[in-house]
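# Architecture and fold: a report
Residues per chain are reported as follows:
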Amino acid sequence: MLQSQASEKKTVFSKQWVTVFSVGGRRFAAGMEEVSGIVQWPSVVPVPSQTPFVNAVAWRGKEVLPIFDLAGQFQLTIESDPPLCLLAKHEDGLMAVCIDSDMPILQSVDRASIQLSDGADPVVVGTCTIDDQPIDLLCLTKLGKSPA
Amino acid sequence: MSLLVRKSRSAAPTNVNQQLIVECGPMRMSIPGKGIRGLLKTIETTFQDTITLLGETYEKSDLANRLDPTKTVAPFSSQGRTILCSNGVWRKAYAVDRIISLVEIEPSDIVPLPPHFRGAEREWFAGLFFFEDALVLIINLDWLVTPTDVVPWRSEVAAGQTSLKSEGGLMSVFPSSQT
């Protein structure tokens, strides 16, 4: 019995929950703890900017949210109308990301199946296998950071 | 009818600043009222590189183009206006697509540009505020009028601790706003 519980615990800790979402038809995963929420796409105003992929802000009530153009970074086009808004817990504060209208899912992945990259890219930290397909694992807290 | 819209909450605002909201393409931006010296119809200045008003000469530019070299304001629109701006040291005239409103806002209504913006835009914009359920970008007056090849020489100005002294204000442009 004890052995069984210990075995279960081991199983629990070897799993990681990720949010799987799609942008322009391509699926991405991100740690569940890095996603604050999924909401309807809000009103947006463009902001002339020299920061790569950050060139608009959205607002919810009186809260101003910078928008990260994930589709632009991966040269994808979002055709969903209306898209959804993923609220990412960026290290500089909450950030909005435009994603496809397909509702993201929570998925547990085996930590052992996650292949970490060499660390040069702070955003794409590795790949994980979901439904037998490799999916880029993103670090949403580092969106916009350049590869070393 | 006055352009002025008062957004301040108190009946007798003491620390408000005026912002002239303009439209450039899809963007709404505001120019601090303390830096505005005059307004002209763009169509009347289309073929001029400089504008002289009350003995002072303003070099003409396109605001949309200053922010994004791939964009320009519509040159022959009847709604287009050219705004004469100065910070007391430098002068410049900017064409915009149209004037939306003149508003008074309190400093507490101004939201800083989120820290995620890390480029030159931090120098271009002094913050944002809400107007008619949308966000408006406040243009940094000193950046707007200072020639691109000039570096501020006063350390406190460069550090953003004080602004350059202005010579006048919107009151002379919009007499009705004094009431």
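In case you missed it, the structure is sitting above this.
Below: a short report on this structure. (Residues numbered from 1 in each chain as written. Chains lettered and ligands numbered in written order. Predicted model: local features only at pLDDT ≥ 70, side-chain atom pairs only at ≥ 80, totals over all residues. Heavy atoms only, no water.)

## Some words on the overall build of chain A
When its secondary structure is counted, chain A shows two helices and twelve strands. Reading chain A from its N end, one meets helices and strands in the order α-β-β-β-β-β-β-α-β-β-β-β-β-β. Its C-alpha atoms give chain A principal-axis dimensions of roughly 60 × 35 × 30 Å. Counting over 148 residues, chain A shows a buried share of 41%. In chain A, the share of contacts with a sequence separation of at least 24, taken over all contacts with a separation of at least 6, comes to 53%. Entry remark: accessible area of chain A is about 7900 Å², with carbon and sulfur atoms responsible for 51%. With 11 positive and 17 negative side-chain charges, chain A shows a spacing of 8 Å between the two charge centroids. (Helix = DSSP H or I, 4+ residues; strand = E, 2+ residues; numbered from the N terminus. Buried < 20%, exposed > 50% of the residue type's maximum accessible area, 1.4 Å probe, protein only. Contact = heavy atoms within 4.5 Å. Areas by Shrake-Rupley, 256 points an atom, 1.4 Å probe, with all protein chains shown as cover. Lys, Arg positive; Asp, Glu negative; His and termini not counted. Charge placed at Lys NZ, Arg CZ, Asp CG, Glu CD.)

## Some points on the sheet that holds strand S7 (residues 81-86) of chain B
Hydrogen bonding along the main chain pairs the strands of a sheet, whether they run parallel or antiparallel. Residues and elements named next belong to chain B. Spatial ordering of the open sheet is given by S4-S7-S8-S6-S5, a layout of five strands whose pairing is mixed. If you trace the sheet from one side to the other, it starts and ends with strand S4 (36-41) and strand S5 (50-53), each paired once. Adjacent strand axes in the sheet meet at a mean angle of 30 degrees, parallel and antiparallel pairs treated alike. (Pairing = 2+ DSSP bridges. Axes fitted to C-alpha atoms, helices over the stretch in contact; angles between N-to-C directions.)

## Topic: the pairing of strand S1 (residues 15-23) of chain A
Residue and element names in this part refer to chain A. Here S1 lies mainly inside the structure; seven of its nine residues are buried. In terms of strand pairing, S1 meets strand S9 (residues 105-110) through six bridges, oriented antiparallel. Its bridge partner lying in S9, Thr-19 is registered against Leu-106. Sheet topology places S1 next to strand S2 (residues 26-31); six bridges connect them, and they run antiparallel. Each residue of the ladder has a partner; that of Phe-21, found in S2, is Phe-28.

## Focus on the layout of surface pockets
Its volume calculated, the second largest pocket comes out at about 210 Å³. For the second largest pocket, the lining is made up of 14 residues, of which A:Val47, A:Pro48, A:Ser49, B:Leu67 and B:Asp68 are closest to its centre. (1 Å grid on protein atoms, 1.4 Å probe; cavity = no way out; pocket = protein on both sides within 12 Å on 5 of 7 lines; lining within 4 Å. Points joined across faces, edges and corners; volume = space filled by probe spheres on them.)

## Thoughts on the sheet that holds strand S8 (residues 93-99) of chain A
Residue and element names in this part refer to chain A. One open sheet accounts for six strands, arranged S3-S7-S8-S6-S5-S4; its pairing is mixed. Edge positions in the sheet fall to strand S3 (35-40) and strand S4 (43-46), since each of these pairs with one other strand and no more. With direction set aside, neighbouring strand axes in the sheet form an average angle of 35 degrees.

## Describing unusual backbone geometry
Although it is not a glycine, A:Asp131 adopts a positive phi angle of roughly 55 degrees. A relative accessible area of 57% means that A:Asp131 is categorised as exposed. For B:Asp133, which is not glycine, the phi torsion reads 60 degrees and is therefore positive. Here B:Asp133 shows up in the loop between strand S10 (125-131) and strand S11 (134-139).

## Things to note about the pairing of S11(B)
Residue and element names in this part refer to chain B. The element S11 is largely enclosed, with a buried count of six among its six residues. Burial of the side chains of S11 extends over both faces: Ala-134, Val-136 and Ile-138 are buried on one face and Leu-135, Leu-137 and Ile-139 on the other. Summarising the sheet, strand S3 (residues 27-32) and S11 pair through two bridges and their orientation is parallel. Its bridge partner being in S11, Ser-30 is matched across the sheet by Ile-138. Pairing of S10 with S11, which is carried by six bridges, proceeds in the antiparallel orientation. If you follow Gly-127 over to S11, its bridge partner there is Ile-138. Following S10, the chain reverses through two residues before pairing antiparallel with S11; Glu-132 in that reversal takes a positive phi of roughly 50 degrees.

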